[in-house]
Amino acid sequence: MHELSIMQSALEQVLEKTRQAGASRVHAIRLRIGALSGVVPDALQFAFEALADGTPAQGAQLLIEDVPARFWCAACSQEFEAARMFAECPGCHRPSTELRAGREMELTSLEVD
Amino acid sequence: MCQECGCGLPGENPVGISAHHHDHEHDHGHSHGHHDHDHPHSHTHPHGEADHVHSHADAVGQHRVLEVRQAILEKNDRLAERNRGFFHARGLLVLNVLSSPGSGKTTFIRETVRLLGKRLKTGVIVGDLATDNDAQRLRESGAPVVQITTGTVCHLEAEMVAQALKQLDLKGLDLLLIENVGNLVCPASYDLGEDLRVVLLSVTEGEDKPLKYPPMFQSAGVVVVSKMDLATACDYNRDTTQANLLRLAPKAQVFETSAKTGKGMDAWCEFLIQQHQAIKTRDPLGG
């Protein structure tokens with residue numbers, strides 16, 4: 001259940017940015033969550049509803065963009081999307097040690113007023 | 001002033017503690033515009049107000065957009081970098097040791113400390129939800145040990161490590177081993193400022209464990225296959241394990257060890273001595 005502490009960190013950022021912008025209500029929160037981040041979007045949603053209660057973010061829509069794991073294959077000079085999170089190039093079947101995307105846990109933007 | 005919504009009510013409330021509901025506010029005889037929240041555009045909807053419950057959800061795109069683009073664990077990442085700088089300045093090699101509960105982390109660490117002896121002076125930070133049993137077992141090795149009890153928190157964070165460091169005399173230490181809470185999910189997300197992540201996989205857990213926990217194994221710099229003394233009893237299949245690790249964590253260096261019989265422990269200790277040597281000769285400015 002580390003989604004609870006991750007959501008807690010995200011919500012702290014959300015409320016701080018909202019205050020700084022002089023806004024009083026959060027309508028939408030956009031996150032980017034990578035396939036290799038170790039975070040389950042559904043658990044984030046659950047944690048958000050529990051934590052946002054009684055804050056200006058209560059009732060806001062949580063919009064989560066899933067970011068697939070992508071690796072770089074040096075032999076084929078191309079990026080590939082990891083199937084089952086394997087770092088194996090579908091072209092040459094060599095393993096890649098270079099992760100390009102998939103560990104993201106990012107607060108992208110907010111809609112407030 | 002209320003720091004949450006700027007409504008002018010006294011008090012400040014941390015996130016997640018929901019005591020501050022503004023339930024009392026209407027007794028004060030002043031109104032709070034956003035709490036009764038009239039959407040000025042609600043009457044322009046073509047359908048009747050009566051059957052229309054106006055939620056915020058359908059208003060997405062109608063409001064002021066704040067671009068943020070910030071890592072959610074930005075605070076932890078920042079503290080981890082501070083730890084890393086602190087470790088680098090002392091020429092300390094730091095390992096974050098992770099596994100499921102019962103994979104043999106504590107015994108592996110105890111034997112590592114014992115075998116390294118005077119070649120690398122080692123300190124240990126150990127995290128558990130409760131008890132200091134592991135710290136007591138680790139003290140048998142003679143190393144200085146600090147126990148972090150996390151309560152209900154299922155992982156260590158950079159701040160906990162920073163606090164634990166205050167209780168540890170780092171003078172003369174070459175190596176710091178951080179035994180994380182036994183958990184293959186949550187600790188993967190938290191950087192502690194370590195040089196290397198070491199993930200243990202005991203032969204009793206099955207060759208497909210890495211496939212079940214991709215984020216953890218993908219983040220590993222080293223994978224230690226532990227309890228090799230039980231390999232035969234467990235029908236451990238080396239080829240399958242290696243193949244799975246190669247598909248998921250191709251950059252990880254793999255060691256097969258038994259802390260009980262000592263098998264493979266020499267190669268592991270030699271590796272640590274080499275890593276420490278590399279740290280010591282590292283350009284202090286370049287990191």
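Below you will find a few notes about this structure. Everything quoted here is computed from the prediction, not taken from an experiment. (Residues numbered from 1 in each chain as written. Chains lettered and ligands numbered in written order. Predicted model: local features only at pLDDT ≥ 70, side-chain atom pairs only at ≥ 80, totals over all residues. Heavy atoms only, no water.)

**With respect to helix H9 (residues 265-280) of chain B**
Residue and element names in this part refer to chain B.
Part 1 of the argument: Here H9 spans 23 Å end to end across 16 residues, near enough to the 22 Å set by a 1.5 Å rise per residue.
Part 2 of the argument: Residues Met265, Trp268, Cys269, Phe271, Leu272, Ile273, His276 and Ile279 constitute the buried set of H9.
Part 3 of the argument: Contacts from the buried residues of H9 go to strand S2 (93-98), helix H3 (105-116), strand S5 (175-179), strand S6 (196-202), strand S7 (222-226) and strand S8 (253-256). (Helix = DSSP H or I, 4+ residues; strand = E, 2+ residues; numbered from the N terminus. Expected span 1.5 Å × (residues − 1). Buried < 20%, exposed > 50% of the residue type's maximum accessible area, 1.4 Å probe, protein only. Contact = heavy atoms within 4.5 Å.)

**Quick look at the pairing of strand S4 (residues 145-149) of chain B**
All names here are of chain B.
Part 1 of the argument: Where burial is concerned, most of S4 is hidden: 4 out of the 5 residues are buried.
Part 2 of the argument: In the sheet, strand S3 (residues 122-128) pairs with S4 via 5 bridges, with the strands oriented parallel. Pairing of Asp128 across the sheet is with Thr149, part of S4.
Part 3 of the argument: Between S3 and its parallel partner S4, the chain crosses via helix H4 (residues 133-139), and the hand of that crossover is right-handed. (Pairing = 2+ DSSP bridges. Right-handed = clockwise from strand over helix to strand, strands pointing away.)

**Looking at the pattern of salt bridges**
Part 1 of the argument: Under the counting rule described, the total for this entry stands at 20 salt bridges over all chains.
Part 2 of the argument: Taking the shortest distance from any N to any O, the salt bridge between Glu106 of chain A and Arg69 of chain B comes out at 3.4 Å. Here the residue Glu106 of chain A occupies a position in strand S6 (residues 105-112), and Arg69 of chain B occupies one in strand S1 (residues 64-71), the pair thus bridging two chains.
Part 3 of the argument: The class for Glu106 of chain A is buried, based on a relative accessible area of 17%.
Part 4 of the argument: Between Glu205 of chain B and Lys209 of chain B there is a salt bridge, and its shortest N-O distance comes to 2.8 Å.
Part 5 of the argument: Classification of Glu205 of chain B as buried rests on a relative accessible area of 17%. (Salt bridge = Lys/Arg side-chain N within 4 Å of Asp/Glu carboxyl O.)

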